[in-house]
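A look at the structure
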Amino acid sequence: MMQRRISKAINIGGVTVGGGAPIVVQSMTKTDTRDVMSTVRQIKDLEDCGCEIIRVAVPNREAAKALAAIKKAISIPLVADIHFDYRLALAAMEAGVDGLRLNPGNISQPSKVKAIVEAAKDRNIPIRIGVNAGSLPKTSDPKLSTAQQMVAAAMGHIKILEGLDFDLIKVSLKAFDVPTTIKAYRDIAEKIPYPLHVGITEAGLPRSGAIRSACGISPLLYMGIGDTVRVSLSTHPREEVIAAYEILKSLDLRQHGPVLVSCPSCGRTEVDLISLAAEVEKRLLNIDKPIKVAVMGCVVNGPGEARDADIGIACGKGKAVLFKKGEKIGVVEEGDFIEALMREVDGF
Ligand code: SF4
């Protein structure tokens, strides 16, 4: 059992982040925030696949104006992502957002930061400080490693908020480079009590980006570091949520729908195992319950894994053996493999 770093718990629109609460899955919309209908549609889609906090970019006043209507139409906490302009932060809070992502050191005057912090305090709105390796402050010390510069930048922002007696803080330190990201999070985890949002920034297209994200996020989570996650992918954000849950499920940190075990197939396989597993994966997308399903390609090694799953199938030539909770429950003919398996899944 891995030991989690116990951070200070904060509440973002009813969702607890930190303090040992379940690790929260987040994503960010890719629509124009001014387009309320498209943004709400995308958020609803993300809610359906398990997104628990959603962030939207607020680059201008029109986007800030749209926030109230977006907030009204969705069921998960809404975080406004704001750079530089304090008026947008005030407008976002006025519109009812549940959290801000904003770096106070990037706001030009202390009085403006104070105005934001006072409004956030009044409404109990947490602020996430988000430092990215690609946009370090010009004042960063080049003699330090990138990870050290990221930590120093975050500490600077944190100090500003703490100086205003504000502690509803969450922090992220993201880089594309995995070792840099891990070093930065490990370092800051020892320095501050606040919850950490972990992720690899600009991780890339779905295949390579999901792998890169898993390589960066998993070691941190395994070390107990991380209270919320986002997988950043150049595709529909639905894939980000699915990938985040796959990471959390792989580490036994969250349960979320089915887990599919499928063998890679080999020269011993006598069915089209790859198509079979792909079809089962598709069908399982509609299942909510946490269930382990195994699709195996032979009766040599297949039964072992199939038995270990809640429901399993070990396929031989023209026939397959079905297992439920380790017990053989029947033999099915080819052509009925998927239906027979799914009948058991549905009835489990
Ligand atoms: Fe090959 Fe059987 Fe292993 Fe699948 S379970 S990879 S078919 S030996």
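Residues numbered from 1 in each chain as written. Predicted model: local features only at pLDDT ≥ 70, side-chain atom pairs only at ≥ 80, totals over all residues. Heavy atoms only, no water.

**Some details on the site of the ligand**
Taken together, Cys263, Pro264, Ser265, Cys266, Arg268, Thr269, Met296, Gly297, Cys298, Asn301 and Gly302 form the complete shell of residues around the ligand. Taken together, the residues of the shell around the ligand sort by class into 5 nonpolar, 5 polar and 1 charged. (Near = heavy atom within 4 Å. Nonpolar A, V, L, I, M, F, W, Y, C, P; charged D, E, K, R; others polar.)

**Digging into the pairing of strand β14 (residues 319-324)**
Where strand β13 (residues 311-315) meets β14, 5 bridges bridge the pair, whose relative direction is antiparallel. Looking at β14, one finds that isoleucine 311 is bridged to lysine 324. Between β13 and the antiparallel strand that follows it, β14, lie 3 residues; glycine 318 among them carries a positive phi value of about 75 degrees. With 6 bridges connecting them, β14 and strand β15 (residues 327-333) associate as antiparallel partners. Of the residues in β15, the one forming a bridge with lysine 319 is glutamate 333. Once β14 ends, the chain turns through 2 residues before running back antiparallel as β15, passing lysine 325 with a positive phi of about 50 degrees. (Pairing = 2+ DSSP bridges. Helix = DSSP H or I, 4+ residues; strand = E, 2+ residues; numbered from the N terminus.)

**Looking at the sheet that holds β13**
If you trace the 5 strands from one edge of the open sheet to the other, you get β11-β12-β13-β14-β15, paired in mixed fashion. With partners counted over all chains shown, the strands left at the sheet margins are β11 (259-262) and β15, one partner each. Each neighbouring strand pair of the sheet contributes to a mean axis angle of 15 degrees, computed without reference to strand direction. Seen against the sheet, helix α9 (residues 273-284) touches β11, β12 (292-296) and β13 and runs at an angle of roughly 160 degrees to β12. Against the sheet, helix α11 (residues 337-347) contacts β12, β13, β14 and β15, and its axis sits at roughly 165 degrees relative to β13. (Axes fitted to C-alpha atoms, helices over the stretch in contact; angles between N-to-C directions. Contact = heavy atoms within 4.5 Å.)

**Digging into empty space enclosed by the protein**
Scanning the entire structure with this criterion turns up 1 cavity of 30 Å³ or more. Here the largest cavity defines a volume of roughly 60 Å³. Around the largest cavity, the lining residues are Ile12, Gln26, Arg55, Val79, Gly99, Leu100, Pro126, Ile127, Arg128 and Lys170. Broken down by class, the residue content of the lining of the largest cavity amounts to 5 nonpolar, 2 polar and 3 charged. (1 Å grid on protein atoms, 1.4 Å probe; cavity = no way out; pocket = protein on both sides within 12 Å on 5 of 7 lines; lining within 4 Å. Points joined across faces, edges and corners; volume = space filled by probe spheres on them.)

**A closer look at the side chain of glutamate 47**
Relative to the elements of secondary structure, glutamate 47 occurs in helix α1 (residues 36-48). Ignoring any residue separated from it by four or fewer positions in sequence, one finds glutamate 47 in contact with Ile74, Ser75 and Ile76.

**A short note on the layout of surface pockets**
Empty space within the largest pocket amounts to approximately 750 Å³. Along its surface, the largest pocket is lined by 25 residues, and Ile242, Glu246, Lys249, Pro258 and Leu285 are the ones closest to its centre. Mapped onto the lining of the largest pocket, the elements with two or more residues apiece are α7 (206-222), α8 (237-250), β11 and α9. Ranked by the residues each element gives to the lining of the largest pocket, the list is headed by α8, at 6 residues. Composition of the lining of the largest pocket by domain shows at least three residues from each of domain 1 (10-250) and domain 2 (259-347). (Domains from an automatic or database assignment.)

**Some details on the domain arrangement of the protein chain**
As assigned here, the protein chain comprises domain 1 (10-250) and domain 2 (259-347). Here the C-alpha centroids of domain 1 and domain 2 sit 39 Å apart.

**Points about α1**
Its 13 residues place the ends of α1 18 Å apart at the C-alpha level, agreeing with the 18 Å of an ideal helix rising 1.5 Å per residue. All of the buried residues in α1 are Ser38, Thr39, Val40, Gln42, Ile43, Leu46 and Glu47. Residues of α1 that are buried sit in contact with β3 (24-28), β4 (53-57), α2 (61-73) and α8. Count one or two residues on from α1 and you reach glycine 50, which has phi positive near 105 degrees. (Expected span 1.5 Å × (residues − 1). Buried < 20%, exposed > 50% of the residue type's maximum accessible area, 1.4 Å probe, protein only.)

**Examining the nonpolar core**
Formed by 86 residues in total, the largest nonpolar core has its most connected members in Leu100 and Leu173. For this core, the element with the most residues is helix α5 (residues 146-163), which contributes 7 residues. When residues no more than four places from it in sequence are discounted, the contact partners of leucine 173 are Val131, Met150, Val151, Ala154, Thr181, Ala184, Tyr185 and Ile188. Residues Val271, Val280, Val321 and Val345 belong to the second largest nonpolar core, which totals 30 residues. (Core = buried A, V, L, I, M, F, W, Y, C linked by side-chain atoms within 4.5 Å.)

**Here's the deal with the environment of isoleucine 6**
Structurally, the position occupied by isoleucine 6 is in the segment before β1 (10-12). Along the backbone, isoleucine 6 and alanine 189 are 183 residues apart, and their C-alpha atoms lie at a distance of 9.9 Å. In contact with isoleucine 6, not counting residues within four places along its chain, are Gly19 and Gly20.

**Concerning the packing of helix α6 (residues 178-191) against α7**
Two numbers describe how α6 lies on α7: the axes approach to 9 Å, and their chain directions differ by 25 degrees. For the element pair α6 / α7, the angle class is roughly parallel. For the pair α6 and α7, the crossing hand works out as right-handed. Counted together, Val178, Ile182, Tyr185 and Arg186 of α6 and Arg212, Cys215, Gly216, Pro219 and Leu220 of α7 form the full contact between these two elements. By residue class, the composition of the contact of α6 with α7 is 6 nonpolar, 1 polar and 2 charged. (Parallel < 35°, antiparallel > 145°, perpendicular 65-115°, else oblique. Left-handed = near helix turned anticlockwise from the far one by under 90°.)

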